[in-house]
Every structure is written in C-alpha cells, then in structure tokens.
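Listed below, chain by chain, are the residues.
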Amino acid sequence: MSVADWFRVRGRSLQSISFSLHRLTGLVLFIYLLMHLSYLTSLKLGKEVYESLIATTVSPAFLPFDILLLLATIFHGVNGIRVVLNEFGIGYEARKAMLYAAYLITAILWIIASVAMYNFVVGVR
Amino acid sequence: MRVHHDIVIVGGGLAGLRAAIAAAEKSKKLSIALISKTYPIRCHSVCAEGGTAAVLREGDSFDLHAWDTVKGADFLADQDAVEFFVRESPKEILRLDNWGCPWSRTEDGRIAQRAFGGQSFNRTVFAADRTGFHEVHTLYERTLMYPNIVRYDEYFMTNLVIEDGAARGIIAIELKSGDLVLFEAKAVILATGGAGRLFGFTTYSHQVTGDGMAIAYRCRVPLKDMEFFQFHPTGLVPSGILMTEACRGEGGYLRNKDGERFMERYAPERMELAPRDVVARSMWREIIEGRGIESEYGPYIALDLTHLGEEKIEERLPLIREAAKKFAGIDPVEEPIPVRPVAHYTMGGVHTNMWCETPVKGLYATGEVACISIHGANRLGSNSTAECLVFGRVAGEKAAEYALSTELRHVDDDIYREEEKRIFDEFLGRSGDESPYQIKKELNEVMDSSFWIFRDGNGMKEGFKKILELKERYRNVEIADNTRKFNTDMIYAFEVGFMLDLAEAVAAGAIARTESRGAHYRLDYPERDDENWLKHTLAYYTPDGPKLEYIPVTITKWQPVERKY
Amino acid sequence: MKVIFNIRRFDGEKDYWQSFAVPVFRGMTLLEGLFYIKENLDGSLAFRASCRMGVCGSCAVKVNGKPVLACETQISSVNSSKLDIEPIDNFRVIKDLVTDFEGFFRKHEAVKPYLIRNDDNYENPVELIQTPKQMKSYYTFSLCIKCGACYSVCPAAATRSDYLGPAAITAAWRFIADSRDEGKEERYEAVCGDNGVWRCHFAAECSEVCPKKVEPAKAVQKMRIRTALHAIKKVIL
Ligand SMILES: Cc1cc2nc3c(=O)[nH]c(=O)nc-3n(C[C@H](O)[C@H](O)[C@H](O)COP(=O)(O)OP(=O)(O)OC[C@H]3O[C@@H](n4cnc5c(N)ncnc54)[C@H](O)[C@@H]3O)c2cc1C
Ligand code: FES
C-alpha cells in the first residue's frame, strides 16, 4: 500500500475514508492558504491590483468554489476536533457516533455558512 | 549455507519454546537456535483449549494425580516418569504466571482450576478456553528476553545429521529464500509435535504431519507405542474442530437421538467425565448401533450445553461458542452442538527415557513428538500441555549440560551436498503421475476406516496393504511447482512422505498388539492382556518395513488393576 | 454452485491475476476453497494456513478489498459470486498470498512485550495475585493473534514502513495494563520515538478489521496519553 492507496475506497470503512478526506481537505486548505497569502502580498503592488483580484474572486461566478472551500474548511475543522478528542483517548467507545455526528455537524454548518455566503456575494447586490 | 550453534531445537511449540528457555537459563554462554516451520506463535499448541493439569491446592496430592495418570494410561505409562512429572508440573504453572500468562482466576485473585476427564480432582489450570494460545504466547514472549536464543522462523527440517552414533545437527530449507541450511550443533532437541494429520477427521492443525518422528525414524531412532492414537470424544461435525473437554468439565451433557444421557450405561460414576477412550468408544457404539442423530455429514451425538446458561458459557467457553457459531452455524446457548469422536493425540513417538534422551547421543526429544511415556495407552486431558512444559524444561537442561561438556564437530561437506542433490535435483519439480494431495487423501481414508476407534485384525491387514500400495505410488509423485521460494507444494509432498512411513509404523504396531488397551481397542481381542502385552512397542525402520521389538513398562507403586469409571 | 476465486499471484517476478472456479458447499470456508484449488487445480498456489480455527493467525488475506482470516470466513458470507483474493497490504509479497512477516515480528519484539518484574525468580516461582477485575483491564488486548490485518490497513504504516503499527503498540499496552508488570517506563521509551505512537492519526481501521476484536485503536490511544504524560514528566523532573 502506498500513499496513493489512502484514497482507495473499496473494502474501507467510513473511519478510513474520513482519514483520507481529512488529508485531502488539509491539502486544499493549504493551497487556499497560499492563494490567500499571495492576495495579501499583492497589496504591496498597489491597492488596485488587490482589488481587481478580489473583484474577480468574490463574484457569483466563483460562488460554487467558495462554497466547496467552505465545505473543506468546515469538514477539516469539525473532523479535526473529533480526531483530537479520540486521539486523547476520549470517546473511543463512542467513535462511531462521533464520526456520524461530525458529518452531521459539518452538513449543518455548511448549509448555514453557504446561505450566509450566498447572501454576501449575491444577495446584497 | 552452514551455521552453528551449541543447541539446535527443532519445533517452536510449547515444548520447543520451553526447552529454549530452560537451556538459556542454564547458561548465558550457550547459543541456542530455535527452528520451526511456522512462526512459533502459529504452532499447533495454540489450538489447545482446555487446560493444564497441576496439583496446586489442599486436598489434592501428587500421588492422586499420578494414580489418575497411570490408570488413565491403562497402566502402560512408565511410573517413575509419571511421579517426576506430577511433582514438577505445579512449578511450571507458577512460572508461566510470573511470565505473564493470563490464567483464569478465582474471585480472590488466585489461579482457578476446573474439572477434566479422568482427573479425580479439579486440578486443571486454564486460561478461559484458550489455554494453549496464552501459554504459547507467554513462552514466546519470554524467549524474547534471552539474547542467546536465535530464532529461525519458517525453516523446514528435512533431515537429521547423525555420525558415529551422535547427533551433529540438522538440515533445513529456509522457506522464504528456498536455500538449504546446515545447522551444526552439539545437541539437537526434537520438539516437532505429533502426527495427527494421518487421520482425515481430526482436531489437528494442517501442519501436524509428524515430520520429526519420521525423520528420526528414518535415521534409525526407534518409535515407541505408535499404535496408540487418542480419539477425542467431541469434534465438531463436519470440520473436526475441537469442542474442548471443558464443555463437559463445566457440566455439559452428551445425548443420543432419544435425548438420553447414554454415559449412564457405560460409566455410571464418572458419566461424561470418564477418560477419553471410554467416552469416545461409548459414543461410537451409540452411533454404530443406530442411536446417533442423522445429518447430511453423517450421524452425530449431541453435546448439550443449553442448561449452563449464556453467562457461564460466555465466561468459561467463549471460544467454543464462537467456533460453533462460525463453523457450524449453531449457538450452543440455544441448541446442542453436533459432535463425533475425532483423532486428537499421538501417544506414541520417538523413544526416549524420562530425561528426554533418545538412544542417539546428543539427540533429545520432547513434547508430543516424544514418547517418554507418561501417557501410556491413553492420555488424560490437560496432561499433555503439562508434559510439554515439564519435559520441555528437562530436555532443555539436559541438552545444555551435554552441550557444555562436549566439543562441536564439523559435519562433512558431502552430507550437505548429498541432501542438496536429493532435494533440489531429484525431488523439486519432479514429474510423475501421482498427486501428493490424492495420496494424502487416500491415506486419510485408510486410517479413518482401518485404524479408527474400533479395530480388528482383518481390517487392519487390509489397511496395511493399502498403505504399502500408497507408498509404492508415492515413488512416482509429481511436484507441480519447480520454483524455490516458498514452495509449499514441495513441502506438502515431503510431509506426505513422512506420513506414509509413520502410517506403516502405526499399522505394524497395531496389528501385532493382540489385546485392547487404552485407545487401542480391538473387536477381535476386546480384553486387556497384561500377561503378554504389558510392554512398550518399539518400531525400528528397515528398508523392508518396520521391525518390532518390545521393552518392559516401569512400575513403581501401582500394579495394574481393572479400569472402571 | 460455483464461485470464482480470482487470485492475485506472484511468482517472484511476475504479478498476475488468475481465476479458478470452485464448487462450494454449504458452510465452506474461504480456506477450504483455497485448499480445493491447491489440491485439485493448481498445486503451486502458495498461501499460509495451519490451525483452521482462527487462533494461529497464519491465514489473513484480502478479499474484495478487505483483510479477513480465510479460515473463519464463510464463502457465502462474502455475498458475491466472484472473489478477488489478494495478499494483505503493507507487507512485501514473497509468493502468491504469502507475505513477509519478518519486520512485523521485529517491531513486536521492539516494544518489550513480556512481563517485566524486579523479583523474577526462575528457580522458585511464587503465585501472584490478580483479581478477575484486574485481569479484565488488559485481557482483550492479550488476544492478538498477530495476523497482520490491522497493520495492512493502517495508513500510517503505509506512509512509513518503520512505524511500529497497531499490533506492536497493542502488545506494549497489554503489558502496561497488567497489574503484575513493573516495566512500564521501559516500554514508554520504546514506543515514544519518531516511529512510535505519534504516527497514529486515528483512522481506526485497525479496530474495524481485527478478526479477534482486540481493538488496537483503543490500545494505541491509551498508550498515547500515557506516553504523553510520561514525556511531560520527564521534561519537568
Ligand atoms: C485441538 C487440540 C486441543 C488440545 N487441547 C489440549 C488441552 O486442553 N490440554 C492439553 O494438555 N493438551 C491439549 N492438546 C494437546 C497439546 O496441545 C499438544 O500435545 C501439544 O501442544 C504439543 O506441543 P508440541 O510443542 O509438542 O508440538 P506443536 O505445538 O505441534 O509444535 C510443533 C512445532 O514443530 C515445528 N515443526 C514441525 N515439523 C517441523 C519441521 N519439519 N521443520 C521445522 N519445524 C517443524 C512446528 O512449526 C511447530 O512449531 C490439544 C491438542 C489439540 C489438537
Ligand atoms: S489458519 Fe489459523 S488463523 Fe486461519
């Protein structure tokens, strides 16, 4: 099994799949972080450059990406808390329930955040 | 390749592991090789379920344990060895305790004991129904503490090296690479286990093919009492997986198709807890006389635990419940388990004295491969793991003493080359028109029909003829796999060859013994005959078949009397 | 009824799939199926097996993506007329379904998996007292048969081949939790290294696949806390 096999689904339980998703979303967030930092650095090139970048990305066309990014963030955060708890030996017996709860909380938070995001990008205009 | 050690132990089961520890304790200077064809924790001993007998508590005594053993053995046991054995066994239990074995406990934290067939006191120490498993793991883990024990896991012994009447080492194939390795040593201990796979319906692991016995036999070391094979009363139908005697020890019943506890008629006093040979014969009689319960896998007897209740079964017999569910789809809490007598223990083996010494200098045997003879004609349940511990230690110590007092002598290169030629030029990948698997299957059929619980002269002679025929066919055996690495096809063919020789020794001994004693029961000679047959059989290998000789049984305290339960 | 055994084979050089049709009877196990192939169709097929009752740990293989003990898996329970059978992951394949366990056992040895006592007396052992309750705190962890199933699904082991792995760490915990043991410190040291407990990130698949329900993930997490406390104590004192 190599690292690529982390992402194999066949024969795996939700536990493993969550582990892989956690790594995957971590990677996505890392790329986002780089983007975010480069945006901030662009301020050095002048306010206009920064604002033009913002104008293209904070727009309805980019909304679906934003919403997916939200999903990645929320999943990574919520699942992260679950893993931290489990790793400190808390709630081992309830690990299945915690896993399902993590997905449920992720879904709820995502819906709320998506609506807020939609209102921010589209609704206000 | 060639390596050398002071002591080479072949077999990583209970006996081999215990011997290794004993030798390592004797002297830090000794280098000890532990060779086994499977990883030690995958040996057959892990299958032992029920327990290990030892005198630990008030009310029990060494004499009582010894008497039970001797009587159980139908007086064929050597009584000096038995007396030594019962005295040493308790210490072994405590040692295992100190090394981490999770023995089942009483409420106040002391080692618990349970009832077992033929033992007239509750003296069987146990670790749930995984006794062998925990014992092996404990011993294996303990061996890791000794830097002078070097393990060679997955090495298959093919031959012994004996020169000038003394053991010089062994030759083995490293399975992973397929290389042949010569192990030179001052002392060799055989601890390769029994020969149970001779039979088809058996509780034994696939690996128990009597390799050590057959190799020693071919090297002209005599085999003792090979005709005595134990049949355990309760093997799960159809796979033969053992339903431990502890099922009855904990209070289980045996019932025939009318629901009757038929043991009432055969052993009114001890009932289900009479010795194994008695219970197995009674069950077989019920089956033959048509009182077995019919099923698609043949008639069986019901092992009824339902009255014990779920809690007790869960606590004391968890593995049994799991196995019955997994392998027969039956939950013993709700339904009786289908069982039938099953081949279970090799009382015979390499001839040794009570110090595990074979007639060859520097060659020791211990555990099931040996016949020290404490089990005589019938072993009592839970005496065999105890034997492995006690006499494993003896073998280890004796070999260590011997090794410390002798010099290593190098083995001639010719011997290695000859073996290499025999295996890789002549055996590996050979073509022929007989399949080893087919021969093995037919051998099992012969053993299961002619040398089963009820034997008779004519049937056995037929069987003997068939064995010789199979041996002849084996000369023409085909080995489909001609590669070197992990060639399980070739190993299988080797094992079948070993078993054919052993079958011959079993058959010869059984035909010659015209009496019934312990596990050897003849319909044509149903009585025990102390006048003519209170003696051990020794089978010597000759190219024209086994040559039999007899030696007397050692009797110290107990004269033979009628055996009633 | 026939079931197709699609087996991933390896002869030391070539890696290929081969299919066998196996006639199946009621109650037949996967191991019996493999033996059927070896005895009747292709003698060169290599796999390990011994006890055929789920205690020796020889026979773990991957079936339709999941590691199982061949001997205690009913063919009918896989619920498929075609079985993809492969050697378990994270182990080097030697031949067909036989994998190399050398490293696995070395890791087990590395955690000092034996009872350590200061008053170890070989000649004159004495009975130690341990109540059933004390025993219960470690007993499940002592049931590991070293079949390698847990290690084969562990993503941490996939990433780093020197990771001790669930089985070894469970063995360490089994002794630490034993009331008779006096060697805890040594074992914390053995598992707190770079290849030890900190590699685990609770994919917990080990507990999912363990055929003996040993719950290695639980042992590893318990071990983490103790090891962390031990490390903190070492820094402070
Ligand atoms: C199902 C079952 C349950 C049992 N329950 C009990 C019980 O409750 N109480 C009791 O007292 N007894 C019990 N017994 C009997 C007891 O388990 C055995 O007699 C005992 O374990 C034998 O141990 P051993 O060390 O002699 O051999 P084994 O454990 O068989 O070990 C043999 C070793 O030799 C090695 N070996 C074999 N051939 C070769 C070769 N050619 N090259 C290299 N290595 C080789 C093997 O790899 C293995 O490591 C039971 C037996 C069975 C079948
Ligand atoms: S053969 Fe022993 S565990 Fe499967």
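What counts, and where the lines are drawn
Sequence order as written defines the numbering, with residues in each chain counted from 1. Chains and ligands are labelled by the order in which they are written, letters from A for the one and numbers from 1 for the other. Residues qualify for local features only when their pLDDT is at least 70, as the model is predicted, and side-chain atom pairs are given and counted only at 80 or more; totals for whole chains, interfaces and linings, by contrast, use all residues. Note: side-chain values were computed over all heavy atoms of the structure, leaving out hydrogens and water. Here a residue counts as near a molecule or strand whenever at least one of its heavy atoms sits within 4 Å of it. By the criterion applied in these results, polar contacts are pairs of N or O atoms within 3.5 Å in which, for protein atoms, one can donate a hydrogen and the other can accept it, and in which residues neighboring in sequence qualify only through two side-chain atoms. Only the protein chains shown count as cover for residues, and the accessible areas themselves come from Shrake-Rupley with a 1.4 Å probe. In this text, helices come from DSSP runs of H or I with a minimum length of four residues, and strands from runs of E with a minimum of two, each type numbered from the N-terminal end. When checking whether two residues touch, look at their non-hydrogen atoms; a contact exists if any pair is within 4.5 Å. Note on terms: buried area is the combined drop in 1.4 Å-probe accessible area of two parts once they are placed together, counting the loss on both. The term salt bridge refers to a side-chain nitrogen of Lys or Arg lying within 4 Å of a carboxyl oxygen of Asp or Glu. Throughout, the ten residues Ala, Val, Leu, Ile, Met, Phe, Trp, Tyr, Cys and Pro are labelled nonpolar, Asp, Glu, Lys and Arg are labelled charged, and all others, Gly among them, are labelled polar. Between any two strands, at least two bridges found by DSSP are needed for them to pair. Interaxial angles span 0 to 180 degrees and are taken between N-to-C directions of axes, which are lines fitted to C-alpha atoms, for helices over the stretch in contact. The pLDDT value tells you how sure the predictor is about a given residue, anywhere from 0 up to 100. Remark: exposure states derive from per-residue accessible area (1.4 Å probe, protein chains only) relative to the maximum for the residue type, with buried under 20%, exposed over 50%, and partly exposed in between.

Asker: What exactly am I supposed to notice about the site of ligand 1 here?
Answerer: Residue and element names in this part refer to chain B. Around ligand 1 lies a shell of 37 residues, among which S45, M157, E368, S384 and T385 are the nearest. Contacts to ligand 1 include E49, whose backbone N or O atom sits 3.4 Å from a nitrogen atom. Here an oxygen atom of ligand 1 and a side-chain polar atom of S384 are 2.7 Å apart. For ligand 1, whose accessible area on its own is 1000 Å², the fraction buried by protein is 99%. Those elements that provide at least two residues to the shell around ligand 1 are α1 (14-26), β7 (155-163), β14 (337-346) and α11 (384-404).

Asker: Would you mind showing me how to read the interface of chain A and chain C here?
Answerer: Facing the 23 residues of chain A at the interface are 27 residues of chain C. Counting each side, the surface lost to burial between chain A and chain C is near 2200 Å², with a carbon and sulfur contribution of 50%. In this structure, the connection of chain A to chain C is made through 6 salt bridges. Note that R95 of chain A and E215 of chain C form a salt bridge whose closest N and O atoms lie 3.9 Å from each other. Between chain A and chain C we count 10 residue pairs in polar contact (both at pLDDT 80 or more) in total. In terms of residue class, the side of chain A that touches chain C is built from 7 nonpolar, 7 polar and 9 charged.

Asker: For this particular structure, what's the right way to read the pattern of salt bridges?
Answerer: Pairs can form between side chains of opposite charge once their charged atoms are near each other. According to the stated counting rule, one finds 95 salt bridges over all chains in the structure shown. Ionic contacts of the salt-bridge type, sharing partners, join the residues D74, E227, D277, R281, R513, E515, R517, R528, D530 and R563 of chain B into one network.

Asker: Would you take a moment to explain the sheet that holds strand β11 (residues 229-236) of chain B for this structure?
Answerer: Whenever strands of a sheet pair, they do so through backbone hydrogen bonds, lying parallel or antiparallel. All names here are of chain B. Read from one edge of the open sheet, 4 strands run β11-β14-β13-β12, paired in antiparallel fashion. Of all the strands in the sheet, the pair left with one neighbour each is β11 and β12 (253-255). For this sheet, the mean angle separating the axes of adjacent strands, direction not counted, is 45 degrees. Examined bridge by bridge, β11 and β14 share 6 bridges and lie antiparallel to one another.

Asker: What is the right way to look at the sheet that holds strand β2 (residues 15-23) of chain C in this model?
Answerer: All names here are of chain C. Spatially, 5 strands are ordered β2-β1-β5-β3-β4 in an open sheet, and the strand pairing comes out mixed. Here the strands that pair on one side only, and so sit at the sheet edges, are β2 and β4 (66-69). Ignoring which end each strand starts from, the neighbouring axes of this sheet average 35 degrees apart. Here strand β1 (residues 2-10) runs beside strand β5 (residues 82-86); their pairing, made up of 4 bridges, is parallel. Across the sheet, residue I4 finds its bridge partner in β5, namely K82. Those strands touched by helix α1 (residues 30-41) are β1, β2, β3 (60-63), β4 and β5, and its axis lies near 100 degrees from that of β2.

Asker: Could you clarify how one ought to interpret unusual backbone geometry in this entry?
Answerer: With glycine set apart, most residues show a phi of negative sign, and most peptide bonds adopt trans. Put simply, V237 of chain B and P238 of chain B share a cis peptide bond, and its omega is 5 degrees. As for its position among the elements, P238 of chain B is in the loop between β11 and α6 (246-249). A positive phi angle, close to 50 degrees, is found at R52 of chain C, a residue other than glycine. By the secondary structure assignment, R52 of chain C is in the loop between α1 and β3. One non-glycine residue with positive phi stands out, namely N79 of chain C, at about 60 degrees.

Asker: In this structure, what is going on with the confidence of the model for chain B? I would like to understand it.
Answerer: The predicted coordinates ought not to be read in detail in places where the model reports low pLDDT. Here chain B averages 95 in pLDDT, while 100% of its residues score no lower than 70. Both scores are available for the predicted complex, with the pTM at 0.95 and the ipTM at 0.97.

Asker: Whenever I open this one, helix α7 (residues 166-176) of chain C confuses me. Can you help?
Answerer: For an α-helix, 3.6 residues make a turn, and residues three or four places apart therefore share a direction. The buried fraction of α7 of chain C is high, at 11 of 11 residues. Looking at α7 of chain C, one finds that the buried residues are P166, A167, A168, I169, T170, A171, A172, W173, R174, F175 and I176 of chain C.

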